[in-house]
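Geometric and topological summary
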Amino acid sequence: MNNTLLGITAISLYVAATLFLAGRFRKKTGSFPLFPQLLLTGLALLFHVFLLSQLLFQPDGINLGFFNSLTLLAWLSLLIGLTISLRESIQHIALVLMPINIITIALALVSPPVGH
């Protein structure tokens, strides 16, 4: 699949999950189900890791350029934060981590390949 399509899909899912979570925190009344947020974030992480596999694993080796490494670090941070949020109530950290993931994906997509 095309890197740009994977990136745009992951960014769109991150934006949707961020807006859902922000709306959830804005309306403090009533209970909100956690499943839609986990579904959106999980799908975004899945598309993000597909993009990472395309960006990192090249025919001539592993491409650990600056923005690719930054994207990998952002993905791992959100994955750990999401895993911890299943036990502890720290979903608010995703409001910081998801925009960081959006920015790192955009930077990795527009940056020129390393070594070219």
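Keep in mind that what you see is a predicted model, and the values were worked out from it rather than measured.

So, on to the nonpolar core. Side chains that are nonpolar tend, in soluble globular proteins, to be buried together. Within the largest apolar cluster, 22 residues are counted, with the highest numbers of intra-cluster contacts made by Tyr14, Leu45, Leu78, Met98 and Ile105. Broken down by element, this core gets its largest block of residues, 7 residues, from helix 1 (residues 3–26). Contact partners of methionine 98, with chain neighbours within four places excluded, come to Tyr14, Ala17, Thr18, Leu21, Thr41 and Leu78.

Taking 1.5 Å as the rise per residue, helix 1 with 24 residues should run 34 Å; its terminal C-alpha atoms sit 34 Å apart, in good agreement. Looking at helix 1, one finds that the buried residues are Leu6, Gly7, Ala10, Ile11, Leu13, Tyr14, Ala17, Thr18, Leu21 and Arg24. Buried-residue contacts for helix 1 involve helix 2 (35–56), helix 3 (66–85) and helix 4 (94–110).

As for its placement among the helices and strands, serine 12 is situated in helix 1. Sequence separation of serine 12 and tryptophan 75 is 63 residues, and the distance between their C-alpha atoms is 15 Å.

A few words now on the side chain of asparagine 101. In this fold, asparagine 101 is placed in helix 4. Excluding residues that lie within four positions of it along the chain, asparagine 101 makes contacts with Tyr14, His48, Ala74, Trp75 and Leu78.

Turning our eyes to something else, we now look at the packing of helix 1 against helix 4. Put simply, helix 1 and helix 4 touch, their axes get as near as 9 Å, and they point 160° apart. By the angle between their directions, the pair helix 1 and helix 4 is classed as roughly antiparallel. Note that helix 1 runs across helix 4; the crossing there is left-handed. Here helix 1 contributes Asn3, Thr4, Gly7, Ala10, Ile11, Tyr14, Val15, Ala17, Thr18, Leu21, Ala22 and Phe25 to the contact with helix 4, which in turn contributes Ala94, Leu95, Met98, Pro99, Asn101, Ile102, Ile105, Ala106 and Leu109. Split into classes, the residues belonging to the contact of helix 1 with helix 4 amount to 16 nonpolar, 5 polar and no charged.

Another aspect to go through is helix 4. Because each turn of an α-helix spans 3.6 residues, side chains separated by three or four positions in sequence point in the same direction. If you check helix 4, its first and last C-alpha atoms are 24 Å apart, about what 17 residues at 1.5 Å a residue would give, namely 24 Å. Of the residues making up helix 4, those classed as buried are Ala94, Leu97, Met98, Asn101, Ile102, Thr104, Ile105 and Ala108. Contact partners of the buried residues in helix 4: helix 1, helix 2 and helix 3.

On to the environment of leucine 86. Its location among the elements puts leucine 86 in the loop between helix 3 and helix 4. Since its relative accessible area comes to 56%, leucine 86 is described here as exposed. C-alpha of leucine 86 to C-alpha of leucine 34: the two residues are 52 residues apart in sequence and 9.5 Å apart in space.

Going through the model one piece at a time under the given rule, you end up with 1 cavity of 30 Å³ or more. Computed from the structure, the largest cavity encloses a volume of approximately 40 Å³. Looking at which element gives the most residues to the lining of the largest cavity, the answer is helix 3, with 4 residues. By residue class, the composition of the lining of the largest cavity is 5 nonpolar, 4 polar and no charged.

The rules behind the values
Residues numbered from 1 in each chain as written. Predicted model: local features only at pLDDT ≥ 70, side-chain atom pairs only at ≥ 80, totals over all residues. Heavy atoms only, no water. Core = buried A, V, L, I, M, F, W, Y, C linked by side-chain atoms within 4.5 Å. Buried < 20%, exposed > 50% of the residue type's maximum accessible area, 1.4 Å probe, protein only. Helix = DSSP H or I, 4+ residues; strand = E, 2+ residues; numbered from the N terminus. Contact = heavy atoms within 4.5 Å. Expected span 1.5 Å × (residues − 1). Axes fitted to C-alpha atoms, helices over the stretch in contact; angles between N-to-C directions. Parallel < 35°, antiparallel > 145°, perpendicular 65-115°, else oblique. Left-handed = near helix turned anticlockwise from the far one by under 90°. Nonpolar A, V, L, I, M, F, W, Y, C, P; charged D, E, K, R; others polar. 1 Å grid on protein atoms, 1.4 Å probe; cavity = no way out; pocket = protein on both sides within 12 Å on 5 of 7 lines; lining within 4 Å. Points joined across faces, edges and corners; volume = space filled by probe spheres on them.

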